[in-house]
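Descriptive analysis of the structure
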Amino acid sequence: MAAVKDPYKTLGVDKKASDDEIKKAYRKLARQFHPDRNPGDTAAEERFKEVQQAYDVLSDPKKRKEYDAGGGIFGSGFDPSAFRRGAGAGAGGGFTGGIGDILSDLFGGAGGGPSPRNVPERGRDLETEVHISFPQAMEGAQVPVAVSMAAPCPTCKGTGAQPGTQPTVCPRCEGRGIESQGQGLFSISQPCSQCGGSGTVIEHPCPTCHGSGQTRQVKRYRANIPAGVKDGSRVRLAGKGEPGRRGGPAGDLYVITRVGESSIFRRKGDNLEVDVPITIPEAIKGATVEVPTLNGSKRIRVPAGTQHGTVQRLRGEGPPKLGNRGRGDIHYRLTIDVPRSLNKKQKQAVDELEGLIDGNPRQGLFQGRGA
Ligand code: ZN
Ligand code: ZN
């Protein structure tokens, strides 16, 4: 059990830090300590969780306010494991009844609709990135992904209250979770400003989760990346997102693929593009040249009189299109390779050619400009 950490210290920000500053600090640290970047490094994983935890608190205005207000209670020297020893001995005992039971005691038999807290809730969808090489993107790959998700806090069993204490009925909304402004037809209902709609307030927040009732855990999966993904493709892993609450289904996990560059091929939509240098004589006289494909090489025809930048296609030689739509093409962009220096004999030949090729190709540029 990690000692209680000040979320401001964890993120290295000032108590007066703006939302933007907090987000920036979080992103930087989350990237630095991400398990994908530090495989097998448990210290980094621990730091990663702490950073997530701190961000959970500071990114939520309500939780941040609660933390700021209650900071003194568990500011220093507080050892949550003391409480675990006292209250948590033997799972299923003590206070494990949780908030559901507390609320059903409070609201049992009361009229009105079901409490929104009892409705099954689907877990949130999550997103993570994987970095794969260009060949992996072309052929498909199975890659490990690690994703951090919220789980019930082990210290308070998800109630958010310091062990030995319980959430109490919100005095502002008297447990309804909503407050109304105005009267009669014109009254407007909105989530209670004090409890945020939960109907309860936590006077003594749990020291581990700062009252959120959740901590972070890192889950690892192997994701099947289909052949043909692009940089930025989203691969859905159904049911691998955050667990549902009160029996609701789990959310999905979206894996965003970051594809490394190839030194040869460039991705252009469903197709690939390659620059193919040709010599001046090949451009003038035409030729058949060997070009690379994804798994070998083929020959393409360069017609006589080929201009710089002309594109020749090989259909169906490109990457697989997602969703079984066949394969894309490879576009070969012919670039005329001009020698940077010539020997004497070559220079003579060019001089001769210059005398034989007449006409000014730039004439068109100056016509109709007005005198
Ligand atoms: Zn807790
Ligand atoms: Zn309230």
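Computed from a predicted model, the values in this text were never measured in an experiment.

Turning our attention to the environment of Gly316. Within the secondary structure layout, Gly316 lies in the loop between β14 (311-314) and β15 (330-337). As for Gly316 and Gly328, which are separated by 12 residues in sequence, their C-alpha atoms are 5.2 Å apart. Excluding anything up to four places from it in sequence, Gly316 contacts Arg327, Gly328 and Asp329.

The subject of this paragraph is the sheet that holds strand β9 (residues 253-259). Taking strand neighbours across the sheet as the criterion, the three strands line up as β1-β9-β8 in an open arrangement whose pairing is mixed. Only two strands of the sheet have a single neighbouring strand rather than two, namely β1 (126-132) and β8 (234-237). Recorded for the sheet is a direction-independent mean angle of 30 degrees between the axes of neighbouring strands. Judged from the seven bridges that link them, β1 and β9 form a sheet pairing that is parallel. Looking at the pairing, Leu126 lines up with Leu253 of β9.

Across all of its chains, the model carries 23 salt bridges by this definition. A salt bridge links Asp19 to Arg64, with the shortest nitrogen-to-oxygen separation between them at 3.7 Å. On the criterion of sequence distance, the pair formed by Asp19 in helix α2 (residues 19-33) and Arg64 in helix α4 (residues 61-70) is long-range, its members being 45 residues apart. When its relative accessible area of 11% is taken as the criterion, Arg64 is described as buried. For Glu242, the salt bridge identified is with Arg124, shortest N-O distance 3.2 Å.

Across all of its chains, the model carries three aromatic pairs by this definition. Ring geometry for Tyr8 and Tyr67: centres 6.0 Å apart, planes at 50 degrees, overall tilted. Remark: Tyr67 occurs in helix α4 and Tyr8 occurs in helix α1 (residues 7-11); sequence separation between them is 59 residues. For Tyr67, a relative accessible area of 6% puts it in the buried group.

Before going further, it helps to spend a moment on helix α9 (residues 344-356). Along its 13 residues, α9 runs 19 Å from first to last C-alpha, staying within 8% of the 18 Å computed at 1.5 Å per residue. Among the residues of α9, the N-terminal cap falls to Asn343, whose side-chain oxygen and the backbone nitrogen of Lys345 are separated by 3.2 Å.

Below, the discussion takes up the nonpolar core. Across soluble globular proteins, nonpolar side chains have a tendency to be buried as a group. Membership of the largest hydrophobic core comes to 34 residues, with the highest contact counts inside it found for Ile132, Ile225, Leu253, Val255 and Tyr332. Considering every element that reaches this core, the biggest residue donor is strand β2 (residues 141-152), with five residues. Excluding residues within four positions of it along the chain, Leu253 makes contact with Leu126, Glu127, Thr128, Val145, Val147, Tyr221, Val235, Arg236, Leu237, Lys240 and Gly241. Among the nonpolar cores identified, the runner-up in size contains 20 residues, and Val13, Phe33, Ala54 and Tyr55 belong to it.

With that out of the way, let us pick up the sheet that holds β15. Read across the open sheet, the four strands follow the order β10-β11-β15-β14; overall the sheet is mixed. Either end of the sheet is taken by a strand with one partner, and the two such strands are β10 (266-268) and β14. Across this sheet, the average inter-strand angle for adjacent strands is 35 degrees, counted without regard to direction. Note that β10 and strand β11 (residues 271-279) share three bridges and pair antiparallel. Each bridged residue has a counterpart across the sheet, and for Lys268 the counterpart in β11 is Asn271.

What follows concerns the pairing of strand β12 (residues 287-293). Bridge count for β12 against strand β13 (residues 296-302) is seven bridges, and the pairing is antiparallel. By the bridge assignment for β13, Glu290 is matched with Arg299. As consecutive antiparallel partners, β12 and β13 are separated by two residues.

Those donors, Cys170 (SG), Cys173 (SG), Cys192 (SG) and Cys195 (SG), are the protein atoms that reach the zinc ion (ligand 2), and they lie 2.2 to 2.3 Å from it. Counting residues between consecutive donors of the zinc ion (ligand 2) along the chain gives the motif C-x2-C-x18-C-x2-C. Each member of the pair Cys170 and Cys173 is classed as buried.

Here is what the cut-offs are and how they apply
- Residues numbered from 1 in each chain as written.
- Chains lettered and ligands numbered in written order.
- Predicted model: local features only at pLDDT ≥ 70, side-chain atom pairs only at ≥ 80, totals over all residues.
- Heavy atoms only, no water.
- Helix = DSSP H or I, 4+ residues; strand = E, 2+ residues; numbered from the N terminus.
- Contact = heavy atoms within 4.5 Å.
- Pairing = 2+ DSSP bridges.
- Axes fitted to C-alpha atoms, helices over the stretch in contact; angles between N-to-C directions.
- Salt bridge = Lys/Arg side-chain N within 4 Å of Asp/Glu carboxyl O.
- Buried < 20%, exposed > 50% of the residue type's maximum accessible area, 1.4 Å probe, protein only.
- Phe/Tyr/Trp six-rings, centres within 6.5 Å; stacked < 30°, edge-to-face > 60°.
- Expected span 1.5 Å × (residues − 1).
- Polar contact = N/O pair within 3.5 Å; in protein donor to acceptor, adjacent residues only side chain to side chain.
- Core = buried A, V, L, I, M, F, W, Y, C linked by side-chain atoms within 4.5 Å.
- Donors = N, O, S within 2.8 Å, 3.2 Å for Na, K, Ca; no water.

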